[in-house]
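Listed here are the chains, written in short residue letters.
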Amino acid sequence: MGRGLLSFWTWFEIGLCALFGFLIQSVLWLFTWPFDRRRLIVGRCFRLVGVVAARLTPCWHFGVYGEVPRRIEGRTVFVSNHESQADPFLISFLPWEMKWLAKVSLFKIPISGWMMRLAGDIPILRGDGDSAKDAMKQCARWLDRGVPVVIFPEGTRTEDGKMGKFKDGAFRLALDSGAQIVPIAVCGTREALPKHSWKFGFTRALVAVGTPIPTAGRGASDLEAIKAEARTQIEAMRARMLPLTSAAPG
(Lines give C-alpha, C1' and ligand atoms only; values in the text may rest on other atoms or scores of the structure.)
Protein backbone atom coordinates (compact mmCIF):
# COMPACT_ATOMS: atom_id res chain seq x y z
CA MET A 1 0.00 0.00 0.00
CA GLY A 2 2.80 2.43 0.97
CA ARG A 3 4.68 1.85 -2.26
CA GLY A 4 1.49 2.25 -4.26
CA LEU A 5 0.64 5.60 -2.64
CA LEU A 6 4.21 6.78 -3.11
CA SER A 7 4.07 5.75 -6.77
CA PHE A 8 0.81 7.70 -7.28
CA TRP A 9 2.48 10.77 -5.76
CA THR A 10 5.58 10.29 -7.89
CA TRP A 11 3.60 10.04 -11.12
CA PHE A 12 1.72 13.19 -10.10
CA GLU A 13 4.97 15.01 -9.35
CA ILE A 14 6.55 13.94 -12.64
CA GLY A 15 3.39 15.00 -14.48
CA LEU A 16 3.50 18.46 -12.89
CA CYS A 17 7.17 18.83 -13.78
CA ALA A 18 6.40 17.82 -17.35
CA LEU A 19 3.48 20.25 -17.62
CA PHE A 20 5.39 23.26 -16.32
CA GLY A 21 8.46 22.19 -18.24
CA PHE A 22 6.47 21.97 -21.48
CA LEU A 23 5.13 25.48 -20.97
CA ILE A 24 8.65 26.83 -20.42
CA GLN A 25 10.04 24.80 -23.32
CA SER A 26 7.30 26.06 -25.66
CA VAL A 27 8.06 29.68 -24.81
CA LEU A 28 11.78 29.07 -25.30
CA TRP A 29 11.09 27.43 -28.67
CA LEU A 30 9.06 30.44 -29.84
CA PHE A 31 11.87 32.83 -28.98
CA THR A 32 14.86 30.72 -30.04
CA TRP A 33 13.87 28.83 -33.19
CA PRO A 34 15.06 31.59 -35.58
CA PHE A 35 18.68 31.33 -34.34
CA ASP A 36 18.86 27.97 -32.53
CA ARG A 37 18.13 25.56 -35.37
CA ARG A 38 20.07 22.84 -33.52
CA ARG A 39 17.50 23.12 -30.70
CA LEU A 40 20.20 23.16 -28.07
CA ILE A 41 18.26 25.43 -25.74
CA VAL A 42 14.87 23.70 -25.91
CA GLY A 43 16.60 20.33 -25.84
CA ARG A 44 18.61 21.18 -22.75
CA CYS A 45 15.47 22.55 -21.12
CA PHE A 46 13.79 19.17 -21.62
CA ARG A 47 16.71 17.28 -20.08
CA LEU A 48 16.79 19.64 -17.08
CA VAL A 49 13.09 19.02 -16.49
CA GLY A 50 13.98 15.34 -16.22
CA VAL A 51 16.73 16.16 -13.71
CA VAL A 52 14.34 18.23 -11.58
CA ALA A 53 11.70 15.49 -11.66
CA ALA A 54 14.29 12.89 -10.63
CA ARG A 55 15.54 15.05 -7.75
CA LEU A 56 11.98 15.56 -6.50
CA THR A 57 11.24 11.83 -6.63
CA PRO A 58 11.61 10.72 -2.98
CA CYS A 59 12.63 7.14 -3.79
CA TRP A 60 15.35 7.99 -6.33
CA HIS A 61 18.90 9.03 -5.53
CA PHE A 62 20.65 9.64 -8.85
CA GLY A 63 24.11 10.96 -9.59
CA VAL A 64 27.11 11.04 -11.92
CA TYR A 65 30.09 8.77 -11.24
CA GLY A 66 33.58 10.10 -11.86
CA GLU A 67 34.68 13.04 -13.94
CA VAL A 68 32.91 13.92 -17.17
CA PRO A 69 33.90 16.55 -19.75
CA ARG A 70 31.91 19.78 -19.66
CA ARG A 71 31.90 19.85 -23.44
CA ILE A 72 31.71 17.03 -25.93
CA GLU A 73 32.59 16.84 -29.62
CA GLY A 74 29.48 17.42 -31.72
CA ARG A 75 30.07 14.46 -34.02
CA THR A 76 29.56 11.87 -31.29
CA VAL A 77 27.34 8.80 -30.99
CA PHE A 78 26.72 7.87 -27.38
CA VAL A 79 25.83 4.25 -26.70
CA SER A 80 24.35 3.19 -23.36
CA ASN A 81 23.10 0.05 -21.71
CA HIS A 82 19.38 0.13 -20.90
CA GLU A 83 18.04 -0.94 -17.51
CA SER A 84 14.67 0.82 -17.16
CA GLN A 85 12.44 3.71 -18.17
CA ALA A 86 14.29 5.74 -15.55
CA ASP A 87 17.50 5.68 -17.62
CA PRO A 88 16.71 8.91 -19.53
CA PHE A 89 16.18 10.74 -16.22
CA LEU A 90 19.59 9.55 -15.01
CA ILE A 91 21.47 10.19 -18.26
CA SER A 92 20.00 13.71 -18.34
CA PHE A 93 22.26 14.51 -15.37
CA LEU A 94 25.15 14.66 -17.88
CA PRO A 95 25.97 18.30 -18.71
CA TRP A 96 25.45 18.47 -22.48
CA GLU A 97 22.66 18.27 -25.00
CA MET A 98 22.22 15.24 -27.24
CA LYS A 99 19.32 13.99 -29.32
CA TRP A 100 17.74 10.69 -28.35
CA LEU A 101 16.68 7.80 -30.55
CA ALA A 102 13.49 6.47 -28.93
CA LYS A 103 10.58 4.20 -29.80
CA VAL A 104 7.75 5.98 -31.57
CA SER A 105 5.16 5.11 -28.90
CA LEU A 106 6.90 7.47 -26.46
CA PHE A 107 6.24 10.39 -28.79
CA LYS A 108 2.49 9.69 -28.58
CA ILE A 109 2.37 10.31 -24.81
CA PRO A 110 0.79 13.70 -24.10
CA ILE A 111 3.14 16.42 -22.88
CA SER A 112 6.32 14.32 -22.57
CA GLY A 113 6.01 13.17 -26.19
CA TRP A 114 5.42 16.75 -27.29
CA MET A 115 8.52 17.79 -25.38
CA MET A 116 10.56 15.11 -27.14
CA ARG A 117 9.46 16.43 -30.52
CA LEU A 118 10.26 20.03 -29.57
CA ALA A 119 13.68 18.90 -28.36
CA GLY A 120 14.39 17.25 -31.71
CA ASP A 121 14.50 13.63 -30.54
CA ILE A 122 14.19 10.92 -33.18
CA PRO A 123 11.32 8.38 -33.29
CA ILE A 124 11.80 4.82 -34.49
CA LEU A 125 9.24 2.05 -34.98
CA ARG A 126 10.80 -1.11 -33.62
CA GLY A 127 10.98 -3.91 -36.20
CA ASP A 128 10.25 -1.61 -39.17
CA GLY A 129 13.17 -1.45 -41.58
CA ASP A 130 12.01 1.72 -43.34
CA SER A 131 11.52 3.49 -40.01
CA ALA A 132 15.00 2.44 -38.90
CA LYS A 133 16.57 3.81 -42.11
CA ASP A 134 14.72 7.11 -41.76
CA ALA A 135 15.73 7.37 -38.08
CA MET A 136 19.39 6.79 -38.93
CA LYS A 137 19.18 9.53 -41.58
CA GLN A 138 17.77 11.91 -38.97
CA CYS A 139 20.55 10.95 -36.57
CA ALA A 140 23.12 11.61 -39.30
CA ARG A 141 21.64 15.05 -39.95
CA TRP A 142 22.01 15.97 -36.28
CA LEU A 143 25.61 14.78 -36.34
CA ASP A 144 26.25 16.89 -39.44
CA ARG A 145 24.96 19.90 -37.47
CA GLY A 146 27.39 19.17 -34.67
CA VAL A 147 24.83 17.72 -32.25
CA PRO A 148 25.55 14.36 -30.55
CA VAL A 149 22.99 11.56 -30.51
CA VAL A 150 22.42 8.83 -27.93
CA ILE A 151 21.24 5.30 -28.72
CA PHE A 152 20.51 2.20 -26.65
CA PRO A 153 22.15 -0.50 -28.81
CA GLU A 154 20.34 -3.32 -26.97
CA GLY A 155 17.11 -1.92 -28.41
CA THR A 156 15.07 -2.59 -25.27
CA ARG A 157 15.33 -2.68 -21.49
CA THR A 158 16.95 -5.61 -19.77
CA GLU A 159 14.72 -8.21 -18.11
CA ASP A 160 17.29 -9.67 -15.72
CA GLY A 161 19.94 -6.97 -15.31
CA LYS A 162 22.28 -8.51 -17.88
CA MET A 163 23.10 -6.61 -21.02
CA GLY A 164 21.53 -7.90 -24.18
CA LYS A 165 23.20 -8.27 -27.55
CA PHE A 166 24.22 -4.98 -29.16
CA LYS A 167 22.61 -4.23 -32.51
CA ASP A 168 24.67 -2.75 -35.32
CA GLY A 169 22.73 0.47 -36.02
CA ALA A 170 24.50 2.91 -33.69
CA PHE A 171 27.92 1.65 -34.72
CA ARG A 172 27.18 1.72 -38.45
CA LEU A 173 25.92 5.27 -37.99
CA ALA A 174 29.18 6.29 -36.36
CA LEU A 175 31.29 4.61 -39.04
CA ASP A 176 29.27 6.11 -41.89
CA SER A 177 29.28 9.57 -40.31
CA GLY A 178 32.90 9.58 -39.17
CA ALA A 179 31.68 10.13 -35.61
CA GLN A 180 33.42 9.02 -32.46
CA ILE A 181 31.62 6.59 -30.18
CA VAL A 182 31.41 7.31 -26.45
CA PRO A 183 30.08 4.55 -24.16
CA ILE A 184 27.74 5.45 -21.31
CA ALA A 185 26.98 3.08 -18.43
CA VAL A 186 23.96 3.23 -16.13
CA CYS A 187 23.76 1.16 -12.97
CA GLY A 188 21.01 0.85 -10.37
CA THR A 189 17.98 2.04 -12.33
CA ARG A 190 16.37 -1.37 -12.92
CA GLU A 191 14.46 -1.14 -9.64
CA ALA A 192 13.69 2.57 -10.06
CA LEU A 193 10.85 1.72 -12.43
CA PRO A 194 10.83 -2.04 -13.12
CA LYS A 195 9.83 -3.29 -16.55
CA HIS A 196 6.09 -4.08 -16.83
CA SER A 197 5.36 -2.22 -13.56
CA TRP A 198 3.93 1.22 -12.79
CA LYS A 199 5.30 1.26 -9.25
CA PHE A 200 8.48 3.10 -8.39
CA GLY A 201 11.21 1.50 -6.31
CA PHE A 202 13.74 2.91 -3.89
CA THR A 203 17.12 2.98 -5.56
CA ARG A 204 20.54 4.60 -5.75
CA ALA A 205 21.74 4.84 -9.34
CA LEU A 206 24.77 6.24 -11.14
CA VAL A 207 25.78 7.10 -14.68
CA ALA A 208 29.36 7.12 -15.99
CA VAL A 209 30.98 8.18 -19.26
CA GLY A 210 33.68 6.14 -20.95
CA THR A 211 36.61 6.87 -23.22
CA PRO A 212 35.89 7.98 -26.82
CA ILE A 213 36.35 5.32 -29.48
CA PRO A 214 37.49 6.92 -32.76
CA THR A 215 36.19 5.64 -36.07
CA ALA A 216 38.46 7.62 -38.40
CA GLY A 217 40.15 5.29 -40.85
CA ARG A 218 37.98 2.36 -39.81
CA GLY A 219 35.35 0.59 -41.87
CA ALA A 220 32.70 -2.10 -41.86
CA SER A 221 35.29 -4.78 -41.14
CA ASP A 222 35.95 -3.09 -37.78
CA LEU A 223 32.30 -3.10 -36.72
CA GLU A 224 32.42 -6.11 -34.41
CA ALA A 225 35.65 -4.94 -32.77
CA ILE A 226 34.17 -1.50 -32.08
CA LYS A 227 31.02 -3.06 -30.62
CA ALA A 228 33.14 -5.28 -28.39
CA GLU A 229 35.25 -2.32 -27.24
CA ALA A 230 32.14 -0.31 -26.31
CA ARG A 231 30.62 -3.27 -24.49
CA THR A 232 33.84 -3.90 -22.56
CA GLN A 233 33.94 -0.29 -21.41
CA ILE A 234 30.31 -0.34 -20.29
CA GLU A 235 30.78 -3.59 -18.39
CA ALA A 236 33.88 -2.20 -16.64
CA MET A 237 32.11 1.02 -15.64
CA ARG A 238 29.12 -0.90 -14.33
CA ALA A 239 31.41 -3.14 -12.27
CA ARG A 240 32.99 -0.07 -10.64
CA MET A 241 29.62 1.54 -9.90
CA LEU A 242 27.84 -1.57 -8.72
CA PRO A 243 29.01 -1.49 -5.05
CA LEU A 244 27.78 2.13 -4.80
CA THR A 245 24.26 1.49 -6.06
CA SER A 246 21.11 -0.32 -5.02
CA ALA A 247 21.96 -3.00 -7.58
CA ALA A 248 24.73 -4.28 -5.30
CA PRO A 249 23.95 -7.64 -3.65
CA GLY A 250 22.93 -7.46 0.01
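First, a word on what this report is: a plain description of the structure on this page. (Residues numbered from 1 in each chain as written. Predicted model: local features only at pLDDT ≥ 70, side-chain atom pairs only at ≥ 80, totals over all residues. Heavy atoms only, no water.)

### Focus: the overall build of the protein
- Secondary structure summary: the protein contains seven helices and seven strands in total.
- Starting at the N terminus, the α and β elements of the protein follow one another as α-α-β-β-α-β-α-β-α-β-α-β-β-α.
- For the protein, the proportion of its 250 residues judged to be buried stands at 52%.
- In the protein, once contacts between residues fewer than 6 apart in sequence are set aside, the share between residues at least 24 apart is 76%.
- A total accessible area of about 12300 Å² is found for the protein, and carbon and sulfur atoms account for 62% of it.
- Looking at the protein, you have 33 positive and 22 negative side-chain charges, and the mean spots of the two groups are 4 Å apart. (Helix = DSSP H or I, 4+ residues; strand = E, 2+ residues; numbered from the N terminus. Buried < 20%, exposed > 50% of the residue type's maximum accessible area, 1.4 Å probe, protein only. Contact = heavy atoms within 4.5 Å. Areas by Shrake-Rupley, 256 points an atom, 1.4 Å probe, with all protein chains shown as cover. Lys, Arg positive; Asp, Glu negative; His and termini not counted. Charge placed at Lys NZ, Arg CZ, Asp CG, Glu CD.)

### Some thoughts on the side chain of S177
- Tracing the backbone shows S177 in helix α6 (residues 169-177).
- Take S177: its relative accessible area is 15%, and that puts it in the buried class.
- Filtering out sequence-adjacent residues up to four positions away, S177 remains in contact with R75, A140 and L143.

### Looking at the packing of aromatic side chains
- Using the criterion set out here, one finds 12 aromatic pairs in the structure.
- Grouped by ring-pair contacts, the aromatic residues W11, W60, F62, F89, F93 and F200 constitute a single cluster.
- In this arrangement the basic side chain of K99 is found over the ring face of W142, its NZ or CZ atom lying 5.0 Å from the centre.
- For the cation-ring pair, R145 lies above W142, with the distance from its terminal atom to the ring centre recorded as 4.6 Å. (Phe/Tyr/Trp six-rings, centres within 6.5 Å; stacked < 30°, edge-to-face > 60°. Lys NZ or Arg CZ within 6 Å of the ring centre and 35° of its normal.)

### Quick word on the packing of helix α5 (residues 129-144) against α6
- Relative orientation of the contacting elements α5 and α6 amounts to 45°, with a least axis distance of 10 Å. As the angle between them shows, α5 and α6 are arranged oblique. α5 and α6 meet at a crossing whose hand is right-handed. Contact residues: M136, C139, A140 and L143 in α5; G169, L173 and S177 in α6.
- Tallied by class, the residues present in the contact of α5 with α6 amount to five nonpolar, two polar and no charged. (Axes fitted to C-alpha atoms, helices over the stretch in contact; angles between N-to-C directions. Parallel < 35°, antiparallel > 145°, perpendicular 65-115°, else oblique. Left-handed = near helix turned anticlockwise from the far one by under 90°. Nonpolar A, V, L, I, M, F, W, Y, C, P; charged D, E, K, R; others polar.)

### Looking at the pairing of strand β6 (residues 180-187)
- Taking burial as the measure, the eight residues of β6 include eight buried ones, the bulk of the element.
- Residue alternation in β6 divides its side chains into two sets, Q180, V182, I184 and V186 and I181, P183, A185 and C187, and both sets are buried.
- In this sheet, strand β7 (residues 203-209) lies alongside β6 in antiparallel orientation, the contact comprising four bridges. Paired with V186 across the two strands is V207, which belongs to β7. (Pairing = 2+ DSSP bridges.)

### Quick notes on the environment of L223
- Along the polypeptide, L223 turns up in helix α7 (residues 223-241).
- Put simply, L223 and T10 are 213 residues apart on the chain and 42 Å apart in space, counted from C-alpha to C-alpha.
- Each residue touching L223, except ones within four places of it in the same chain, is listed here: D168, F171, R172 and L175.

### Notes on the nonpolar core
- Within the largest apolar cluster, 41 residues are counted, with the highest numbers of intra-cluster contacts made by W60, F62, I91, L94 and M98.
- Elements supplying a minimum of two residues to this core: α1 (2-32), α2 (40-56), β1 (60-64), α3 (87-91), β3 (99-103), α4 (112-119), β6 and β7.
- Contact partners of W60, with chain neighbours within four places excluded, come to A54, A86, F89, A192, F200, G201 and T203.
- With 34 residues, the next largest nonpolar core counts W142, A170, A185 and C187 among its residues. (Core = buried A, V, L, I, M, F, W, Y, C linked by side-chain atoms within 4.5 Å.)

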